[in-house]
Amino acid sequence: PERPALYFTVLGEPTFKMLRYQQQFTFFDQSRVNTSVRFVNLSKQALEGDLDVVLAEIVSEVDKANPGLVFVDSFRTVVRTTKPGLGDFDLQGFIQRLAMHLTNWQATTFLIGEYVEEELRDNPVFTVTDGLLWLSQQVERNSIVRKLRIVKLRGQASLPGMHTIRITEDGLQVF
């Protein structure tokens, strides 16, 4: 509770639906909701299409909570719901301002999004990240296999290649 997790949702599943799915995991503890983990819905701000409003709301909530973990799900949706005509320069400015705040917060932050591989090359989001984990699933023989690839991990050694993962009631297992 001293350094809670803040989980920002954007135009995705409502909090009650997310909590219902989380209850399937052995580590889920209902008593920690709103104490050790807080959910904040940014749908209204994102629908306004103004990145400054979205950033102000994120900064305000983080300043109030002093979290140890921050999640924005889906960050891609935040960027995609911006006002029409917003240029790459404006988007880059938003990302740079957010990155400055991320550095000052001293929190581990996850900007979650569903991207296609082609977006890795030209996406300004990926220039400010310290780590980039790519989760995917593919058909192998008669099975769907989930994979993890560490695309970027600034200042840390990592094991290259594709790693098979499994999501179980105990969480994520990496092989």
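The preceding data block contains the structure.
My aim in this report is to walk through the structure given alongside it, one point at a time.

1. A closer look at the overall build of the protein
Counting its secondary structure elements, the protein contains 7 helices and 8 strands. A compact globule built from 175 residues would reach a C-alpha radius of gyration of about 16 Å, and the protein, at 17 Å, matches this within 12%. Principal-axis analysis of the C-alpha atoms places the extent of the protein at approximately 45 × 40 × 30 Å. Burial status across the protein gives 35% buried among its 175 residues. Entry remark: accessible area of the protein is about 11,200 Å², with carbon and sulfur atoms responsible for 51%. Averaging the positions of the 19 positive and the 21 negative side-chain charges in the protein gives two centres separated by 4 Å.

2. Describing the sheet that holds strand β7 (residues 162-168)
The sheet built from 4 strands is open, its strands ordered β5-β6-β7-β8 with antiparallel pairing. Of all strands in the sheet, those with a lone pairing partner are β5 (131-140) and β8 (171-174), marking the two edges. With strand direction ignored, the average angle separating the axes of adjacent strands in the sheet is 35°. Relative to β7, strand β6 (residues 143-153) runs antiparallel, the two being bridged by 4 bridges. Bridge assignment links lysine 147 to a residue of β7, and that residue is threonine 164.

3. Topic: the side chain of glutamate 61
You can see glutamate 61 is positioned in helix α3 (residues 51-65). For glutamate 61, the side chain forms a polar contact with the side chain of arginine 38, separated by 2.8 Å. Residue contacts for glutamate 61: discarding those within four places in its chain leaves Leu6, Phe8, Arg38 and Val40.

4. Let's talk about the sheet that holds strand β1 (residues 5-9)
Spatially, 4 strands are ordered β2-β1-β3-β4 in an open sheet, and the strand pairing comes out parallel. A single partner strand is all that each edge strand has here, and the edge strands are β2 (37-41) and β4 (108-112). For this sheet, the mean angle separating the axes of adjacent strands, direction not counted, is 15°. The pairing of β1 with strand β3 (residues 69-73) spans 5 bridges and is classified as parallel. Bridging from a neighbouring strand, alanine 5 pairs with leucine 69 of β3. Lying over the sheet, α3 contacts β1, β2 and β3, oriented at roughly 160° with respect to β1.

5. Topic: the pairing of β7
In this sheet, β8 lies alongside β7 in antiparallel orientation, the contact comprising 4 bridges. The residue bridging isoleucine 167 from the neighbouring strand is leucine 172, located in β8. Hairpin remark: β7 followed by β8, antiparallel, with 2 residues in the connecting loop.

6. A look at the nonpolar core
Residues Phe8, Ile58, Phe94 and Trp105 are the most contacted members of the largest nonpolar core, which totals 30 residues. Of all the secondary structure elements, the ones that give two or more residues to this core are β1, α3, β3, α4 (75-80), α5 (88-105), α7 (125-128) and β5. Element by element, the count of residues in this core is highest for α3, at 7 residues. The residues contacting tryptophan 105, other than those within four sequence positions of it, are Arg3, Ile58, Val59, Val62, Asp63 and Leu98.

What counts, and where the lines are drawn
- Residues numbered from 1 in each chain as written.
- Predicted model: local features only at pLDDT ≥ 70, side-chain atom pairs only at ≥ 80, totals over all residues.
- Heavy atoms only, no water.
- Helix = DSSP H or I, 4+ residues; strand = E, 2+ residues; numbered from the N terminus.
- Rg over C-alpha atoms; globule rule 2.2 N^0.38 Å.
- Buried < 20%, exposed > 50% of the residue type's maximum accessible area, 1.4 Å probe, protein only.
- Areas by Shrake-Rupley, 256 points an atom, 1.4 Å probe, with all protein chains shown as cover.
- Lys, Arg positive; Asp, Glu negative; His and termini not counted.
- Charge placed at Lys NZ, Arg CZ, Asp CG, Glu CD.
- Pairing = 2+ DSSP bridges.
- Axes fitted to C-alpha atoms, helices over the stretch in contact; angles between N-to-C directions.
- Polar contact = N/O pair within 3.5 Å; in protein donor to acceptor, adjacent residues only side chain to side chain.
- Contact = heavy atoms within 4.5 Å.
- Core = buried A, V, L, I, M, F, W, Y, C linked by side-chain atoms within 4.5 Å.

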